[in-house]
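Commentary on secondary and tertiary structure
One-letter residues, chain by chain:
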Amino acid sequence: MRNLKKSAQVRKGFTLVELLVVIAIIAILAAVVVLIINPMELTRRGRDAARLTDLANIQQAINVAAQEATASSAAILCDSTTAPCEGTSNAGTRVADGTGWVKVNMSSQKSVSVPTLPVDPTNSAAYHYKYCSNGDAWEIDTVLESEQQKSKMANDGGNENAVDTTGRYEVGSDLTLIAASGGSCAY
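Now for a look at the structure at hand. (Residues numbered from 1 in each chain as written. Predicted model: local features only at pLDDT ≥ 70, side-chain atom pairs only at ≥ 80, totals over all residues. Heavy atoms only, no water.)

This brings us to the packing of aromatic side chains. Think of a pair of aromatic rings as described by two things: how far the centres are apart, and how the planes are tilted against each other in angle. A complete count under the given rule lists one aromatic pair for this structure. Consider the rings of W101 and Y129, whose centres lie 5.7 Å apart with planes at 35°: the pair is tilted. On the criterion of sequence distance, the pair formed by W101 in the loop between β1 (85-88) and β2 (130-133) and Y129 in the loop between β1 and β2 is long-range, its members being 28 residues apart. (Phe/Tyr/Trp six-rings, centres within 6.5 Å; stacked < 30°, edge-to-face > 60°. Helix = DSSP H or I, 4+ residues; strand = E, 2+ residues; numbered from the N terminus.)

Taken together, four strands build an open sheet; the order of strands is β1-β2-β3-β4 and the sheet is antiparallel. Strands at the two margins of the open sheet, each flanked by one partner only, are β1 and β4 (169-172). Put simply, the sheet's adjacent strands are angled 15° from each other on average, direction ignored. As paired elements, β2 and strand β3 (residues 138-142) share four bridges and run antiparallel to each other. Looking at β3, one finds that S133 is bridged to W138. Contacts from helix α3 (residues 39-68) reach β2, β3 and β4, with the element oriented near 170° to β3. (Pairing = 2+ DSSP bridges. Axes fitted to C-alpha atoms, helices over the stretch in contact; angles between N-to-C directions. Contact = heavy atoms within 4.5 Å.)

Taking 1.5 Å of rise per residue, 30 residues should cover 44 Å, and α3 covers 44 Å from first to last C-alpha, within 8% of that figure. Those residues of α3 that are buried lie in contact with α4 (73-77), β2, β3, α5 (151-154) and β4. (Expected span 1.5 Å × (residues − 1).)

Estimates place the volume of the largest pocket at around 200 Å³. Lining of the largest pocket is provided by A65, E68, A69, A75, I76, D79, V104, N105, S108, Q109 and K110. Counting residues per element, the ones that place at least two in the lining of the largest pocket are α3 and α4. Along the lines of polarity and charge, the residues of the lining of the largest pocket split into five nonpolar, three polar and three charged. (1 Å grid on protein atoms, 1.4 Å probe; cavity = no way out; pocket = protein on both sides within 12 Å on 5 of 7 lines; lining within 4 Å. Points joined across faces, edges and corners; volume = space filled by probe spheres on them. Nonpolar A, V, L, I, M, F, W, Y, C, P; charged D, E, K, R; others polar.)

Side chains of a nonpolar character, in soluble globular proteins, are inclined to be buried together. Judged by nonpolar contacts, the single largest core of 29 residues is most densely connected at I62, W101, V102, V104, M106, Y131 and I140. When neighbours within four sequence positions are excluded, I140 is seen to be in contact with L55, I58, I62, W101, V102, Y129, K130, Y131, Y169, E170 and V171. Judged by nonpolar contacts, the second largest core, of five residues, contains C132, A137, L177 and I178. (Core = buried A, V, L, I, M, F, W, Y, C linked by side-chain atoms within 4.5 Å. Buried < 20%, exposed > 50% of the residue type's maximum accessible area, 1.4 Å probe, protein only.)

Set out below in C-alpha cells:
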C-alpha cells in the first residue's frame, strides 16, 4: 500500500528545460520591444524638440526687440559689438543683455521676457546654436539629430540644406549668413 502512494504522488515545479524556454521567450520579446521603441531615437527626438522650441522662442524675442527698438538695426542685432557679429552657445555666455552668445539685448524688452539664453541640450562641438548678424539681418543655426526631424534641415528655406550632419536647421531674417563658404559667419 505504501508503494502505491509514492507512485501516485504528482511531481510539482518546473524542469530546467521549461524554465530556459520561458526565459528565452521573454528575452526575445524584450529585444523586439526595444527594437520597436528605439529608446535612442526617442532621446534624439526629445533633444530636437527642445532645439526647435528654443530657436522659435529666440526668433520671436529678436523680432520683438527689433520692433520695439528705436536704434538702427546694426545697434540692435550687434548690441555689444560691431557688425558683423557672431556667437555660439557652447562658447558664449547665457546672458540675455546682448553680451551673451546672441548679440541682441533681450533683457530690456517689455513684450517678451528672456531671462537667460537657452543652450543646446548637448551643447557640444557638433550640436550647438550659432548666431550671426551682418548688422542688417540675422540667422541662428543648429543641427537636428533625429531621423524624424532631419528633413526640416532641408526644408527650412536656408542654404545649408543637406539631410545629414552637414546640413543645419536655420531661422532668421537672412538664411545665407552662416555658410560653409561665402557667408558672413561659419558654423
